[in-house]
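# Fold and contact review
Each chain, written out:
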Amino acid sequence: MSPRVGEDYAEFAAARAGHLYRSACLLTAGDTYLAEDLVQEALGRIYVRWGRVSRAENPAGYAQTVLTRTFLAHRRRFSSRERARDSFPELADTGADPTLRLTLLDALARLPAKDRAVVVLRYWEDRSVHETADALNMSSAAVRTRCVRALARLRELLGEDLAEYARS
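Presented here is a report on the structure given in the accompanying data block. Here the residue numbers are simple positions, counted from 1 along each chain's written sequence. The predicted origin of the model limits local features to residues at a pLDDT of at least 70 and limits the giving and counting of side-chain atom pairs to 80 or more, whereas totals for whole chains, interfaces and linings rest on all residues. Remark: hydrogens and water are excluded; side-chain values derive from all non-hydrogen atoms of the structure.

## Re the overall build of the protein chain
Labels follow the DSSP assignment, with helices taken as runs of H or I lasting at least four residues and strands as runs of E lasting at least two, numbered in each case from the N terminus. A tally of helices and strands in the protein chain yields nine helices and zero strands. Each residue is assigned to one of three classes by its accessible area relative to the maximum for its type, calculated with a 1.4 Å probe on protein chains only: buried under 20%, partly exposed between the two thresholds, exposed over 50%. Relative to its full complement of 168 residues, the protein chain shows a buried share of 39%. In these tables, accessible area is a Shrake-Rupley quantity obtained with a 1.4 Å probe, and a residue counts as shielded only by the protein chains included in the view. On the protein chain, roughly 10100 Å² of surface is accessible, and the fraction owed to carbon and sulfur atoms is 51%.

In structure tokens:
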């Protein structure tokens, strides 16, 4: 890889790493250590294909897709080695309500991995149904079905708290 191409990649990685990390934290339901690992793995995969990725129409979207697929692959590989936690690691204070954040992360953690990925891509990343379907290698109908199920499950998990948080 030429020095200029390496510089282009480094610039891209520096610009996207924060956003990828925040998405990874949501995908992992607050597991910041796993989120860091997923971002590193995704950026490594992008680096290997940087010549092709840099010419793509939307390298940032490609990076998000790689991150999501890396997360799903990790869930398949390590689903039998899940670790239960009684608390979340400390998160940086962003001025947001920590109770709301923990409640939402807990609710996200209770969703199946693919449903969580659909919710993050559709509502956090603000992707269309078609873009989400492409990123997850599923049909648009499957994305819509998963969205309906996941949102219903989140409403069920959040119960009365949902209306309280919506007012905040």
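## Concerning helix 5 (residues 98–109)
Compared with the 16 Å implied by 1.5 Å per residue over twelve residues, the 16 Å span of helix 5 between its first and last C-alpha is a close match. Where helix 5 is concerned, the buried positions are Thr-103, Leu-105, Ala-107 and Leu-108. Expected helix span is taken as 1.5 Å per residue step, with the number of steps being one fewer than the number of residues.

## Overview of unusual backbone geometry
Despite not being glycine, Ala-29 has its phi angle at roughly 60 degrees, a positive value. Residue placement: Ala-29 occurs in the loop between helix 1 (3–27) and helix 2 (32–48). Under the relative-accessibility criterion, Ala-29 is labelled buried at 5%. For Asp-126, which is not glycine, the phi dihedral falls at a positive 60 degrees. Mapped onto the secondary structure, Asp-126 falls in the loop between helix 6 (113–124) and helix 7 (129–136). The class of Asp-126 is exposed, set by a relative accessible area of 65%.

## Examining the packing of aromatic side chains
Note on ring pairs: Phe, Tyr and Trp rings are taken, using the six-membered ring of Trp, and paired if centres are within 6.5 Å. Classes follow the plane angle, with under 30 degrees stacked, over 60 edge-to-face and the rest tilted. Taken as a whole and assessed by the stated rule, the structure comprises three aromatic pairs. Ring geometry for Phe-12 against Trp-50: centres 4.9 Å apart, planes inclined by 40 degrees, an arrangement best described as tilted. One end of the pair, Phe-12, is in helix 1; the other, Trp-50, is in helix 3 (residues 50–53), with 38 residues separating them in the sequence. On the basis of relative accessibility, which here comes to 5%, the residue Trp-50 falls in the buried class. Grouping aromatic residues by their ring pairs yields a cluster made of Tyr-9, Phe-12, Tyr-47 and Trp-50. Sitting above the plane of the Tyr-123 ring, Arg-122 keeps its charged end 5.4 Å from the centroid. Note on geometry: a ring has a charge over it if NZ (lysine) or CZ (arginine) is within 6 Å of the ring centre and within 35 degrees of the ring normal.

## Regarding helix 8 (residues 140–158)
In this model, helix 8 (19 residues) spans 27 Å end to end at C-alpha, consistent with the 27 Å of a helix rising 1.5 Å per residue. All buried positions along helix 8 are accounted for by Val-143, Cys-147, Ala-150, Leu-154 and Leu-158. On an axial view of helix 8, the arc spanned by its buried residues comes to 80 degrees, and they lie on one face. Among the exposed residues of helix 8, those oriented more than 90 degrees off its buried face are Val-148, Arg-149 and Glu-156. Just downstream of helix 8 lies Gly-159, where phi reads positive at about 50 degrees. To be clear, the arc concerns the directions from the helix axis to the C-beta atoms.

## Structural notes on the pattern of salt bridges
By definition here, a salt bridge exists when the distance from a side-chain nitrogen of Lys or Arg to a carboxyl oxygen of Asp or Glu is within 4 Å. Going through the model one piece at a time under the given rule, you end up with four salt bridges. As a salt-bridge pair, Arg-146 and Asp-115 come within 2.6 Å of each other at their nearest N and O atoms. With Arg-146 in helix 8 and Asp-115 in helix 6, the pair connects residues that are 31 residues apart, well separated along the chain. For Asp-115, a relative accessible area of 6% gives the class buried. A salt bridge links Arg-153 to Glu-156, with the nearest nitrogen and oxygen atoms 2.5 Å apart. Of the two residues, Arg-153 and Glu-156 both sit in helix 8, three residues apart, roughly one turn of that helix. Under the relative-accessibility criterion, Arg-153 is labelled partly exposed at 29%. Of the residues examined, Glu-156 reaches a relative accessible area of 56% and is grouped as exposed.

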